[in-house]
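The residues making up each chain are set out below.
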Amino acid sequence: MESCLKVKVGAVLLPGDVFTFIKTDTISLTESLKDEKIICGPGLRRNGDDVVVCKSGVLRHKNPNLYWVDSQQRRYVPVKGESVIGIVTTKSGDVFKVDVGGSEQASLSYLAFEGATKRNRPNVQVGDLVYAQFLIANKDMEPELVCIDSSGRANGLGVFGAGGLLFKGSLGLVRRLLTPQNEILKDLEKLYPCELVLGMNGRLWVRAATVQKTLIVANLLESSENMSAQQRRTLFKRVADGNL
Amino acid sequence: MSPMKLCVPGEFILCSTDDCIPGTGVYMRHGYIFSSLAGYVLKKNEGEELPVISVVRETETQLLPDVGAIVTCKVTSINPRFAKVHILYVGSTPLKDRFRGTIRKEDVRATEKDKVETYKSFRPGDIVLAKVISLGDVQSNYLLTTAENELGVVVAHSEAGAQMVPINWCEMQCPRTHTKEFRKVARVQPEYLHA
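Residues numbered from 1 in each chain as written. Chains lettered and ligands numbered in written order. Predicted model: local features only at pLDDT ≥ 70, side-chain atom pairs only at ≥ 80, totals over all residues. Heavy atoms only, no water.

Engineer: I'd like to hear about the overall build of chain B, residue by residue, with values.
Structural biologist: Counting its regular elements, chain B contains zero helices and 16 strands. In terms of C-alpha radius of gyration, chain B reaches 22 Å, well past the compact-globule figure of 16 Å for 195 residues. C-alpha atoms of chain B, sized along the principal axes, occupy 70 × 35 × 25 Å. The buried share of chain B, reckoned over its 195 residues, is 37%. The long-range share in chain B, meaning contacts at least 24 apart out of those at least 6 apart in sequence, stands at 50%. In the form shown here, chain B has an accessible surface area of approximately 11800 Å², with 53% of it arising from carbon and sulfur atoms. Side chains of chain B give 24 positive and 23 negative charges; the mean places of these two sets differ by 8 Å. (Helix = DSSP H or I, 4+ residues; strand = E, 2+ residues; numbered from the N terminus. Rg over C-alpha atoms; globule rule 2.2 N^0.38 Å. Buried < 20%, exposed > 50% of the residue type's maximum accessible area, 1.4 Å probe, protein only. Contact = heavy atoms within 4.5 Å. Areas by Shrake-Rupley, 256 points an atom, 1.4 Å probe, with all protein chains shown as cover. Lys, Arg positive; Asp, Glu negative; His and termini not counted. Charge placed at Lys NZ, Arg CZ, Asp CG, Glu CD.)

Engineer: An account of the overall build of chain A is requested, with residue identities and associated values reported.
Structural biologist: From N to C terminus, chain A includes five helices and 16 strands. Over its C-alpha atoms chain A spans a radius of gyration of 23 Å, topping by over 25% the 18 Å that the globule rule assigns to 244 residues. In terms of principal-axis extent, the alpha carbons of chain A reach across some 75 × 50 × 30 Å. Taking all 244 residues of chain A together, 37% fall into the buried category. Long-range contacts, defined here as pairs at least 24 residues apart, represent 63% of the contacts in chain A between residues at least 6 apart. Total accessible area on chain A is roughly 14500 Å²; 52% of this is exposed by carbon and sulfur atoms.

Engineer: Give me the lowdown on the UniProt feature "domain: Exosome complex exonuclease Rrp40 N-terminal" (unreviewed entry) in chain A, citing residues and values where you can.
Structural biologist: Those places that UniProt annotates as "domain: Exosome complex exonuclease Rrp40 N-terminal" (unreviewed entry) correspond, in this numbering, to residues 41-75 of chain A. Across residues 41-75 of chain A one finds 0% helix and 54% strand; the C-alpha atoms that close the span lie 19 Å apart. (UniProt positions renumbered as here; feature names shortened; annotations may be inferred.)

Listed below in structure tokens is the structure:
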């Protein structure tokens, strides 16, 4: 079965495609019997003896035996442990309601900030941007966010956002920008110095020296999703030369 | 023995305590008997000196969950603090109406109560065996507990849709996808397990 998956690496798969274990009736005397084990990543699911595709996309492979489907998606589904950018919508009692782009608003307790106590409340207003991490995220309960890590320190999480621009991209774009040593960010560093916050829910926030530069950086990031590396480099070069 | 007449709560039943003994569904004030339910007045002759007056909603009395009774319920929603359930059976008799119950986070297990996560103990749709600890007041539901070895999740379905098999007291496995999920599993006595 692993051989029939390996053949399809890089091919486009649709939900419902099935890979079955081929039971050979004759045992070859020349090849040794291998114990095949496959790890199913996102987009693949095991159904008895078959592996079924449940998302449309391109099949990817990582040695030794990890397979997954790379899919395009703009709608975010909250997952525990992911850091997202949220917008505070209401303050009710001890809890803020934060919009993260999912099916439900997430709750953020006012005690989940660094140095927050019952007397010392954090300075969070309706409409603020928060960079927070999911503590609870599953399909049966309301998602819960926190702005501290397990040791109690902020570590980059919290309220931010004065003077920048928040815009939306696809989830795949954010994942590409978050890979270490990726080329888009390397090219961007050479262009303008800027501050960048990436939320795994598809939201990006940029701040550069002037408003015009901020807008240019935002447009570059949005358009670099669908461009090949060569096209992107020519575009960045045009901007650097001041022709845009 | 046949039902006599309809009455409403607060209605005066034509009997004083000299003539009859109060039964269920009635109360006494100033030496007279009044009804506390809306239903039929039943006068039963016990064979002793005085007949017993009671008010019943329907011809058969419904079995109500009492404190200490083992009930079978279905989880409807979960919350980090508690789980809400619908009570379906009291003992082995099915109920006509579904009563609502609550299982608080600290009543899920007997040990390590503060480390309990409701998401790892129950999920919506699970069938749970629980014990009633309190009837609750007017607005709150029955309070239930699963803090015993024999109480907990009996039937659960995995995310793939198949019925799961218990492995140990805190895990169940799906036979189709072989993924394990966390539940607070009940240790059912072997004589109650069907093949």
